[in-house]
Amino acid sequence: ADNAYVCQRAGVVAALLFGFGPALVGLGIWSQILAASGTSLSAQVRRHAAGVSLLLRYVLFDAVRRAFRSDRDIGWVLMALCLGIAVRAYFLSQPMRYDESNTFLRFVNGDVSLLFFYPFPNNHVLHTILVKLSTLVFGAHPSTIRFPAFFAGIASIPLMFCLARVLLRGKSATFAAVAMAVFPYLILYSTTARGYSLVVFFTLALIFIGALTASKPSMAASIVLSVIAALGMLTIPIMTFPVAGVYLWLTCLFFINGNKFPRILREFVLPCAIMTIGLTAVFYTPVMLVSKGLDPVLANEYVAAQSSEMFFSRLYPHLARTFSDFFRDVPAPILFAFLALMTIGAYSAARRRDWPLLLLLPSALAACAVLFLSKHAIPYPRTWIFLLPLMLILANAGFVHCVETFSHGIQKRVHRGVVLAGACYGAWLMATNAIVRYPDTGTFPDASRIARYLKPLMKAGDKVQASIPADYPIYFYLWYYDLRDFRGEADPNETEFFVVQKSNYTFEKGIDEPVVKLVAVPDAAVYRNVPHEEQRPPERPG
């Protein structure tokens, strides 16, 4: 078995040597060149580390300090933060969904090596690692499994506030923070154990660092940007889209700010490209070893290129569904006002030639369009979730443009109105249980109820069968209620239970053996097979 394991991974080791070998050789040559010039590689590393430290200690912390320069600013962001926490906490214990249940049972709830097992894109590696840590510390419950996504969503609210203050040059960011706190689509992925809220957080962090260092490229900024980008890539490879968008945005800003192409190439484009790719490769090395290569990451069926006919026939429905999902449960008047504010924000930025604000969303869209059309594959609508904060920033600029001519007293009342409106909207989302009803990532709300029903009926050796998306939520709650060996094929003389989600599955199509119905609820039913011994006719006496 050990020899088979080594043979299976021999190609992976060879690929790693082929990839990292030239990099190490290049590093050695660079070290020799530095030594010939009177310095050393370690000295260069220390110098760049000092530059990163200065960037974080002075530039970053000073920007955060200026964003909260008054008690009023702190008050606005605290109200938005409390609102975001309250709404997300309410939905944190919603029924487990298919994707998160699958991730927990297949990658989290087991050996550490499973954290890096990547048979298909359901494993968001960095997020999975954080879920493992969360459940080790707090125990495995639906809420604690969602803690990493929850805290990433919460942290994005003050980060959005700081970023909007930087891009708007100290003007109000209350609208963006409140919208970030109560936007339904963002709440959904802050209360579901997936990596998308981490992608949003890392995207905001990239833009924040970029906005602070957009006057001229520097190696320190390139290092910080590359680390953030690589962490996002380790979360989900779709981070490629926001990384490309932010890097294109920064390149445009460097040109606009008078930097020459050689400097941009030397201190930003090449360092960021090399370090982002290199760090991502290093972070994915355990994935390559455990999963026997990167084909599951780079060449799985979900990212495989489609024919042009299929791709373009699905393009418009994909865009329409993305728009519909993004603004689900956003009332039409609010949606129209939001789009109007985005338009006003773009107009005001163009009028002032405020390039960092004006070019942010177009750069992201342009980079995404190039990658999207090049890849020729239709992704899930949630792939584009990182675009929502960019839209909120532009709408915030429109909001500021509309209210900045008012007196301070009126502006204060308007901001209070924004917070109050956000609170009312959040209360409405909770009262209607809106987020729980969203079908994203697979839902089976009756899973916990069915699992509790099955628990006293099951004995050792019994099995449970269900179809997607009911199967993994059922398996999770059976595990949660201390039932373990419940998957697989049952012995003919053992009991097998069939769980059917009526809205997604027709019972008669999947089972060809005698069964009896045990219980039915609005969208689910449970059946039990008739073991062979019960199917035998009774023996005649004598």
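We now turn to the structure provided with this report.

Cut-off values and rules
- Residues numbered from 1 in each chain as written.
- Predicted model: local features only at pLDDT ≥ 70, side-chain atom pairs only at ≥ 80, totals over all residues.
- Heavy atoms only, no water.
- Helix = DSSP H or I, 4+ residues; strand = E, 2+ residues; numbered from the N terminus.
- Rg over C-alpha atoms; globule rule 2.2 N^0.38 Å.
- Buried < 20%, exposed > 50% of the residue type's maximum accessible area, 1.4 Å probe, protein only.
- Contact = heavy atoms within 4.5 Å.
- Areas by Shrake-Rupley, 256 points an atom, 1.4 Å probe, with all protein chains shown as cover.
- Lys, Arg positive; Asp, Glu negative; His and termini not counted.
- Charge placed at Lys NZ, Arg CZ, Asp CG, Glu CD.
- Phe/Tyr/Trp six-rings, centres within 6.5 Å; stacked < 30°, edge-to-face > 60°.
- Pairing = 2+ DSSP bridges.
- Axes fitted to C-alpha atoms, helices over the stretch in contact; angles between N-to-C directions.
- Salt bridge = Lys/Arg side-chain N within 4 Å of Asp/Glu carboxyl O.
- Expected span 1.5 Å × (residues − 1).

Some remarks on the overall build of the protein chain
Next up, step 1: The number of helices and strands found in the protein chain is 23 helices and four strands.
Next up, step 2: Its C-alpha radius of gyration of 27 Å places the protein chain within 12% of the 24 Å reference for a compact globule of 542 residues.
Next up, step 3: Across the 542 residues of the protein chain, 50% fall into the buried class.
Next up, step 4: Long-range contacts, defined as pairs at least 24 residues apart, comprise 76% of the intrachain contacts of the protein chain with a sequence gap of at least 6.
Next up, step 5: When the accessible surface of the protein chain is summed, it comes to about 25400 Å², and 65% of that surface belongs to carbon and sulfur atoms.
Next up, step 6: Each charge class in the protein chain was averaged separately, 47 positive and 32 negative side chains, and the resulting centres sit 16 Å apart.

Quick notes on the packing of aromatic side chains
Next up, step 1: Tallied over the full model, the rule gives 34 aromatic pairs.
Next up, step 2: Here Tyr 98 and Tyr 472 contribute two aromatic rings whose centre-to-centre distance is 5.7 Å and whose plane-to-plane angle is 85 degrees, an arrangement assigned as edge-to-face. One end of the pair, Tyr 98, is in helix α4 (residues 98-108); the other, Tyr 472, is in helix α22 (residues 471-480), with 374 residues separating them in the sequence. Per residue, the accessibility class of Tyr 98 equals that of Tyr 472, and both read buried.

Overview of the sheet that holds strand β4 (residues 524-529)
Next up, step 1: Strand order in the open sheet formed by four strands is β1-β2-β4-β3, and the pairing between neighbours is mixed. Looking at which strands have only one partner, the edges of the open sheet turn out to be β1 (463-466) and β3 (515-521). Each neighbouring strand pair of the sheet contributes to a mean axis angle of 20 degrees, computed without reference to strand direction.
Next up, step 2: Examined bridge by bridge, strand β2 (residues 496-501) and β4 share five bridges and lie antiparallel to one another. Paired with Gln 501 across the bridge in β4 is Ala 524.
Next up, step 3: Seen against the sheet, α22 touches β1 and β2 and runs at an angle of roughly 150 degrees to β1.

Quick notes on the pattern of salt bridges
Next up, step 1: The full count for this structure, using the stated rule, is 15 salt bridges.
Next up, step 2: Its salt-bridge partner being Asp 62, residue Arg 65 comes within 2.3 Å of it at the nearest N-O pair. Pair noted here: Arg 65 and Asp 62 are both in helix α2 (residues 41-67), with a separation of three residues, about one helical turn.
Next up, step 3: Relative accessible area serves as the criterion here: at 24%, Asp 62 is assigned to the partly exposed category.
Next up, step 4: Lys 171 is the salt-bridge partner of Glu 404, the closest N and O atoms lying 3.2 Å from each other.

Considerations on helix α5 (residues 125-138)
Next up, step 1: Here α5 is 14 residues long and its end C-alpha atoms lie 20 Å apart, about the 20 Å a rise of 1.5 Å per residue gives.
Next up, step 2: The set of residues buried in α5 consists of Val 125, Leu 126, His 127, Thr 128, Val 131, Lys 132, Ser 134 and Thr 135.
Next up, step 3: Against the buried residues of α5 lie α4, α6 (142-145), α7 (147-167), α10 (196-212), α11 (219-235) and α14 (285-291).
Next up, step 4: Where α5 terminates, the next one or two residues include Gly 139, which has phi positive at roughly 85 degrees.

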